[in-house]
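Structural description and commentary
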Amino acid sequence: RVVAMVGGAAACRGGRSSASADAITSLLAELAVKGEGGGLNPSRFDRAAVRTVAGEGFGEMLSSEGGGAFWRQRCASIALPALAGNIKDIAASREGQTEHRECIGSLIAAGHFACCVPLPLLR
């Protein structure tokens, strides 16, 4: 969650800090979808817990106050393709084939998108 707070602060600050915010957005999206990445050893952690914490952290980042609406649109353009692709794969899989634990991070992050990013910015 500390990573998400740093990402939110970097995104709100803008300028040269935007590169840090972009990297953190990519990391949180990857962790929410796959439950691994960013040098995290998957054998040491429960992947469902990693997905859940990453989805919540992504929401904390998007909920940061300050800055303009543009940085939320920027975060959305970075993370949304991975999250949407994962949700489509889950929906396309046959019933019972995908466990809920595999999609929880993507669904949490998608819920935060719906609450935090103004919909006209996503068009």
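Residues numbered from 1 in each chain as written. Predicted model: local features only at pLDDT ≥ 70, side-chain atom pairs only at ≥ 80, totals over all residues. Heavy atoms only, no water.

**Considerations on the overall build of the protein**
Threshold: By the criteria applied, helices consist of DSSP H or I runs no shorter than four residues and strands consist of E runs no shorter than two, each listed in order from the N terminus. Here the term buried applies to any residue with accessible area under 20% of the maximum for its type, exposed to any over 50%, and partly exposed to those in between, with areas from a 1.4 Å probe on protein chains only. By the convention used here, residues are in contact when the closest approach between their heavy atoms is within 4.5 Å. Note on areas: Shrake-Rupley, 1.4 Å probe, and residue coverage restricted to the protein chains presented here.
Within the protein, the regular secondary structure consists of five helices and zero strands. Helices and strands in the protein line up, N terminus first, as α-α-α-α-α. A burial count over the protein gives 37% of its 123 residues as buried. Within the protein, counting contacts between residues at least 6 apart in sequence, those at least 24 apart form 60% of the total. With an accessible surface of roughly 7,100 Å², the protein has 57% of that area assigned to carbon and sulfur atoms.

**Description of the nonpolar core**
If you look at soluble globular proteins, the nonpolar side chains tend to sit buried side by side. For the record, the criterion: Residues belong to a common nonpolar core when they are buried Ala, Val, Leu, Ile, Met, Phe, Trp, Tyr or Cys residues joined through side-chain atoms within 4.5 Å.
Ranked by size, the top nonpolar core spans 24 residues in total, and within it Leu28, Phe58, Met61, Leu62, Ala79, Leu83 and Phe113 carry the most contacts. For this core, the element with the highest residue contribution is helix α2 (residues 18–34), accounting for seven residues. Look past the residues within four positions of leucine 28 in its chain and what remains in contact with it is Ala4, Ala54, Gly57, Phe58 and Met61.

**Some thoughts on the packing of helix α3 (residues 47–62) against helix α5 (residues 104–116)**
Geometry of a packed helix pair, given as the angle between the helix axes and the separation of the axes. So the rule is basically this: Axes here refer to lines fitted to C-alpha atoms; in helices the fit is confined to the stretch in contact. Angles between the N-to-C directions go from 0 to 180 degrees. We call two directions roughly parallel when the angle between them is under 35 degrees, roughly antiparallel when it is over 145, roughly perpendicular when it lies between 65 and 115, and oblique otherwise. Residues are grouped as follows: nonpolar covers Ala, Val, Leu, Ile, Met, Phe, Trp, Tyr, Cys and Pro; charged covers Asp, Glu, Lys and Arg; every other residue, Gly included, is treated as polar.
At a minimum axis separation of 7 Å, α3 and α5 run at an interaxial angle of 10°. Comparing their axes, α5 and α3 come out roughly parallel. The residues of α5 that touch α3, namely those facing Ala48, Arg51, Thr52, Gly55, Glu56, Phe58, Gly59 and Leu62, are Ile104, Gly105, Ile108, Ala109, His112, Phe113 and Cys116. Grouping the amino acids of the contact of α3 with α5 by side-chain chemistry returns eight nonpolar, five polar and two charged.

**Considering the confidence of the model for the protein**
Let me state the cut-off plainly: One confidence number per residue, pLDDT, is output by the predictor and ranges from 0 to 100.
For the protein, per-residue confidence averages 77 on the pLDDT scale, and 80% of positions sit at 70 or higher. The least confident element of the protein, judged by mean pLDDT, is helix α4 (residues 70–92) at 78; the most confident is α2 at 85.

**Examining α2**
Filter applied, for reference: One less than the residue count of a helix, multiplied by 1.5 Å, gives the span that helix is expected to have.
Compared with an ideal rise of 1.5 Å per residue, which puts 17 residues at 24 Å, α2 spans 24 Å between its outermost C-alpha atoms and is within 8% of the ideal. Positioned one or two residues after α2, glycine 35 has a phi angle of 80°, which is positive.

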